[in-house]
Amino acid sequence: PGKVLMETAGKSFLAHMVERLGRVRSLDGIVIATTTNVADDAIVALAEELGIGCHRGSEEDVLARVLSAAKAHDIDVIVETTGDCPLIDPNLVDSCIKSYLESDVDYVSNVLERTYPIGMDTQVFSTIILDNIANLTEDPEDREHVSLYIYRNPEIFRLKNLPASPELTWPELGLTLDTPEDLKLISFIFEELYPLDSCFDLAKVLELFHTDPSLAETNAHVRRKRI
């Protein structure tokens, strides 16, 4: 609880993530879909401070929360990321959006087959499809994971995965903010790179690990939840 509002390099992790997503050229806007819990009042306040959209909904039914956020902000195409990925690379998000717009598919992501480090996860799909799914399933797992019903039903939906280039391939590397070990590692990365270049990309992050291989041991033992 409260992890995305912890700070490094002068601002909260969520503010860093918003700043990075603000550099995605093909995005029309950013909306934080948070919960109605009192604890998340601070996230609403941050969204107001940053001048971006915010929508509140159920903690458990994340599908309904994301869908209602999209409808409230007249969004046709949803580009979904999770708020605990402060190192997300804007270029990778742009690539997913470009692929979706140029392909005759229902869903594009870079995680159908994981090749990028954990924390670069981006999914693109239409609000219409999510609305249809909301009427098709009441499975708690589907409702919690938003797009799960899409990629578990490839016979219904046309799916496309964007793999990492060889130099960015490192699927075992955890760059998402889940544990105290992640906090230590991601804070170090920001403190090393952000003062020199606030636009640093995934390639710059991986350079740190290649320079000091012991960095990867910081959270290598963490076991991520799998669906």
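You'll find the structure just up there.
In what follows, the accompanying structure is described. Keep in mind that this is a model prediction, so the values were computed, not measured. (Residues numbered from 1 in each chain as written. Predicted model: local features only at pLDDT ≥ 70, side-chain atom pairs only at ≥ 80, totals over all residues. Heavy atoms only, no water.)

Things to note about the overall build of the protein chain
- Within the protein chain, the regular secondary structure consists of nine helices and eight strands.
- Relative to its length of 227 residues, the protein chain is compact, with a C-alpha radius of gyration of 17 Å against a globular reference of 17 Å.
- Dimensions of the protein chain, computed from the C-alpha atoms along their principal axes, are close to 50 × 40 × 35 Å.
- As displayed, the protein chain offers around 11600 Å² of accessible surface, 52% of which is attributable to carbon and sulfur atoms.
- Put simply, the protein chain has 20 plus and 40 minus side-chain charges, and the middle of one group is 2 Å from the middle of the other. (Helix = DSSP H or I, 4+ residues; strand = E, 2+ residues; numbered from the N terminus. Rg over C-alpha atoms; globule rule 2.2 N^0.38 Å. Areas by Shrake-Rupley, 256 points an atom, 1.4 Å probe, with all protein chains shown as cover. Lys, Arg positive; Asp, Glu negative; His and termini not counted. Charge placed at Lys NZ, Arg CZ, Asp CG, Glu CD.)

A look at the sheet that holds strand β8 (residues 159–161)
- Spatially, β5-β7-β6-β8 is the arrangement adopted by the four strands of the open sheet, whose pairing is mixed. The open sheet terminates on both sides in strands that have one partner only, identified here as β5 (77–80) and β8. For this sheet, the mean angle separating the axes of adjacent strands, direction not counted, is 15 degrees.
- When strand β6 (residues 107–109) meets strand β7 (residues 123–126), the two strands line up antiparallel, connected through three bridges. Bridge pairing in β7 places Val108 opposite Val124. (Pairing = 2+ DSSP bridges. Axes fitted to C-alpha atoms, helices over the stretch in contact; angles between N-to-C directions.)

Examining the environment of Glu192
- With respect to the helices, strands and loops of the structure, Glu192 is situated in helix α8 (residues 180–193).
- Take Glu192: its relative accessible area is 38%, and that puts it in the partly exposed class.
- Between the C-alpha atoms of Glu192 and Asn219, which are 27 residues apart in sequence, the distance is 18 Å. (Buried < 20%, exposed > 50% of the residue type's maximum accessible area, 1.4 Å probe, protein only.)

A word on the packing of aromatic side chains
- Evaluated as defined, the whole model comprises seven aromatic pairs.
- Arranged with centres 6.3 Å apart and planes meeting at 65 degrees, the rings of Phe13 and Phe190 form a pair that is edge-to-face. One end of the pair, Phe13, is in helix α1 (residues 13–21); the other, Phe190, is in helix α8, and 177 residues separate them in sequence. Neither residue differs from the other here; Phe13 and Phe190 are each classed as buried.
- Judged by its relative accessible area of 0%, Phe190 is buried.
- Cluster of aromatic residues (ring-pair linked, three or more members): Phe13, Phe190, Tyr194 and Phe200. (Phe/Tyr/Trp six-rings, centres within 6.5 Å; stacked < 30°, edge-to-face > 60°.)

Focus: the packing of helix α3 (residues 62–72) against helix α5 (residues 127–136)
- At a minimum axis separation of 10 Å, α3 and α5 run at an interaxial angle of 140 degrees. When the axis of α3 is compared with that of α5, the two are oblique. Considering how the two elements wind past one another, α3 and α5 form a crossing that is left-handed. Listed contacts from α5 to Leu63, Val66, Leu67, Ala70 and Lys71 of α3 are Thr127, Leu130, Asp131, Ile133 and Ala134.
- Here the residues of the contact of α3 with α5 sort into seven nonpolar, one polar and two charged. (Parallel < 35°, antiparallel > 145°, perpendicular 65-115°, else oblique. Left-handed = near helix turned anticlockwise from the far one by under 90°. Contact = heavy atoms within 4.5 Å. Nonpolar A, V, L, I, M, F, W, Y, C, P; charged D, E, K, R; others polar.)

Everything listed is a geometric property; what it means functionally is a separate question.
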